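# Structural overview for review
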Amino acid sequence: MTFGITAVIFTLIIALICFYPLLRNTSKNDQDTKRDTLNKALYFDRLKEIENDEKQGLLDHVEQLKTELQQSLLEDIPENMEDKQDKKSYSKLWFVSGFLFLGIIAGITYFKVGGWQSEEMMARSYEKLPYFYERLKEEQTKPLDDKELQQFATALRIKLMKSPNNADDWWMLGQLGTALNNGELAHTSYAKASELQPENTEYKLSYARTLMFSVDASDKAKGSELLKEVIRKDHSNLQVLSLLAFNYFENEDYKMAAVTWAMMLKLLPQDDPKRDLIEKSIRSARDALAEQEIEKHKTLVPTIENK
């Protein structure tokens, strides 16, 4: 509704700018008509004065004066009065036609490329929000496709515009961003959820995970600090230990990476299939540490010999 009123106002402004000369001509014609009416009134007043003076015998050559008065009136009356009246009518007609044409073009353009379709689609998506929450219960057996994920994310965004302090919805939007490979959406949503509920371990962990996989070094450092905050409260959190171990390995702190993976290994059941992968990671970290020590030794030996 607001858009429609705004569109009409702008269309009227543009129409006035484009067709102002027509309105100006119309105004000029009105002024000419008023002038002609005044001239005629003056003519008849002057004619009456001449006739009165003639009766009193005060004037000679009365006919000549009447002729001159008529000639003066004819000179002031436009030669093409009918043409001017026609132009006046045509000016109004052109203005109305131009305004309607401009309005039609604006309307067609909006319906072709405007946002009404997007607004309608967003409204339909928001109405389906309860359906998407129900669908989450079947996610394991019947996962949402990309189209449904997009609609779900759109519906949640609309809901969060109305209730921006709902941490659960922000976290859910972050989950959808992750599923859609939209890193920016996931990062922003998890950050908001963690900000609203800073003591929620799950929200903090989700936010830390997005930071850890960022290409920005400052994001990685912040993510590492968040993980350490979580592990201080929950020493047995396998997700945090896994992320910390990966971070240590990526930063070439192979000793801490091996220690962290070893802690995970102690917490896992003997029949857990992830044990083989963690054991391989521990061996990789130890091999990398050994190579690192050899490189350090090579750099130290020449230094000692030179001394």
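Before reading further, recall that the structure is shown in the block above.
Below, the structure is looked at part by part. Since this is a predicted model, take the numbers as computed values, not measurements.

Cut-offs applied
- Residues numbered from 1 in each chain as written.
- Predicted model: local features only at pLDDT ≥ 70, side-chain atom pairs only at ≥ 80, totals over all residues.
- Heavy atoms only, no water.
- Helix = DSSP H or I, 4+ residues; strand = E, 2+ residues; numbered from the N terminus.
- Expected span 1.5 Å × (residues − 1).
- Buried < 20%, exposed > 50% of the residue type's maximum accessible area, 1.4 Å probe, protein only.
- Contact = heavy atoms within 4.5 Å.
- Salt bridge = Lys/Arg side-chain N within 4 Å of Asp/Glu carboxyl O.
- Phe/Tyr/Trp six-rings, centres within 6.5 Å; stacked < 30°, edge-to-face > 60°.
- Axes fitted to C-alpha atoms, helices over the stretch in contact; angles between N-to-C directions.
- Parallel < 35°, antiparallel > 145°, perpendicular 65-115°, else oblique.
- Left-handed = near helix turned anticlockwise from the far one by under 90°.
- Nonpolar A, V, L, I, M, F, W, Y, C, P; charged D, E, K, R; others polar.

What follows deals with helix H9 (residues 183–196). Two residues of an α-helix separated by three or four positions point the same way, owing to the 3.6 residues in each turn. Between the first and last C-alpha of H9 there are 20 Å, a value that for 14 residues agrees with the 20 Å anticipated at 1.5 Å per step. Those residues of H9 that fall on the buried side of the exposure criterion are Leu-185, Ala-186, Ser-189, Tyr-190, Ala-191, Ala-193 and Ser-194. Looking at the packing, one finds that the buried side of H9 touches helix H7 (146–162), helix H8 (167–179) and helix H10 (201–212).

Pairing between side chains of opposite charge can happen when the charged atoms of each approach one another. On inspection of all chains with the given rule, the structure shows eight salt bridges. Glu-138 serves as the salt-bridge partner of Arg-135, at 3.7 Å between the closest nitrogen and oxygen. Since its relative accessible area comes to 5%, Arg-135 is described here as buried. Take Glu-138: its relative accessible area is 36%, and that puts it in the partly exposed class. If you follow the salt bridges from partner to partner, you end up with Arg-135, Glu-138 and Glu-148 in one network.

Counted under the stated rule, the structure contains seven aromatic pairs. Judged by centre distance (5.2 Å) and plane angle (20 degrees), the rings of Phe-132 and Phe-152 are stacked. A residue pair is termed long-range when its members are at least 10 positions apart, and Phe-132 in helix H6 (residues 129–135) and Phe-152 in helix H7 qualify at 20 residues. The class for Phe-132 is buried, based on a relative accessible area of 0%. The exposure class of Phe-152 is buried, given its relative accessible area of 0%.

Here Gln-150 is to be found in helix H7. Sequence spacing of Gln-150 and Leu-180 is 30 residues, and the spatial spacing of their C-alpha atoms is 7.8 Å.

Our focus in this paragraph is unusual backbone geometry. In this structure, Asn-181 is a non-glycine residue whose phi angle is positive, near 60 degrees. With a phi close to 65 degrees, Glu-252 is a non-glycine residue in the positive phi region. In this fold, Glu-252 is placed in the loop between helix H12 (238–250) and helix H13 (254–267).

Attention shifts here to the packing of H7 against H8. Put simply, H7 and H8 touch, their axes get as near as 10 Å, and they point 155 degrees apart. Between H7 and H8, the interaxial angle falls into the category roughly antiparallel. Between H7 and H8 the crossing geometry is left-handed. Only Asp-169, Trp-170, Met-172, Leu-173, Leu-176 and Ala-179 of H8 make contact with H7, whose side of the interface consists of Leu-149, Phe-152, Ala-153, Leu-156, Arg-157, Lys-159 and Leu-160. Looking at the contact of H7 with H8 residue by residue, the classes come out as ten nonpolar, no polar and three charged.

Without other data, these values stay purely geometric and don't point to any function.
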